[in-house]
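Letter by letter, the chains look like this.
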Amino acid sequence: MSRAILQVMIRGRVQGVGYRAWVEYQATASGLEGWVRNRRDGCVEALFAGAPKHVADMVALCRHGPPSSRVDSVTSETASADELNLRRAGEAFSVLPTV
């Protein structure tokens with residue numbers, strides 16, 4: 001089975017509106033692995049790993065976000081499996097502290 005790993009940066013009004021919790025819920029519901037975290041510059045960063053279609057669908061969802069957010073841009077790049085090591089032990093998908 002093929003596996004895609006993408007690191008995504010979301011810019012706009014995405015902090016303080018439940019964006020991280022929304023990403024965690026959507027990713028978990030899609031069966032994806034990875035993590036999400038706020039960045040001090042106001043962006044949200046996420047890593048998604050799983051079936052290529054599910055990863056692509058998740059990136060498309062991130063372009064809209066939850067109703068209270070305003071997404072200005074979403075950029076993504078291929079990442080390595082080593083990036084998954086940032087997750088908390090025993091979790092398929094983690095919400096990480098702000099960096």
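Throughout, a residue's number is its position along its own chain's written sequence, starting from 1. It should be noted that, the model being predicted, local features are given only for residues of pLDDT at least 70 and side-chain atom pairs only at 80 or more, the latter also being counted only at that level, while totals for whole chains, interfaces and linings use all residues. By convention in this description, side-chain values take in all heavy atoms of the structure and omit both hydrogens and water.

Going by the annotation in an unreviewed UniProt entry, the name recorded for the protein is acylphosphatase, with Bradyrhizobium shewense given as the source organism. Taken from UniProt, the Catalytic activity (unreviewed entry) comment for the protein reads in full: "an acyl phosphate + H2O = a carboxylate + phosphate + H(+)". Listed under Sequence similarities (unreviewed entry) in UniProt, the entry text for the protein is "Belongs to the acylphosphatase family." UniProt positions are given in the numbering used here, feature names are shortened, and annotations may be inferred rather than shown by experiment.

Caption draft 1: How the structure looks around the overall build of the protein. Secondary structure follows DSSP: runs of H or I at least 4 residues long count as helices, runs of E at least 2 residues long count as strands, and numbering of each begins at the N terminus. In terms of regular secondary structure, the protein is built from two helices and five strands. Element order for the protein, N to C, with α for helix and β for strand: β-α-β-β-α-β-β. Taking 2.2 N^0.38 as the reference for a compact globule, 99 residues should give roughly 13 Å; the C-alpha atoms of the protein span a radius of gyration of 12 Å, in line with that estimate. Expressed as lengths along the three principal axes of its C-alpha atoms, the size of the protein is roughly 35 × 25 × 20 Å. By residue count, 43% of the 99 residues in the protein fall in the buried class. The long-range share in the protein, meaning contacts at least 24 apart out of those at least 6 apart in sequence, stands at 77%. Carbon together with sulfur atoms contributes 50% to the accessible area of the protein, which is approximately 5,300 Å² in total. Radius of gyration: over C-alpha atoms. The globule rule applied is 2.2 Å multiplied by the number of residues raised to the 0.38 power. Summary of the burial criterion: residues with accessible area below 20% of their type's maximum are buried, those above 50% are exposed, and those between are partly exposed, where the area comes from a 1.4 Å probe applied to protein chains only. By definition in these notes, contact holds between two residues if any of their heavy atoms fall within 4.5 Å. The method behind every accessible area is Shrake-Rupley, applied with a 1.4 Å probe, and residues are considered shielded solely by the protein chains displayed.

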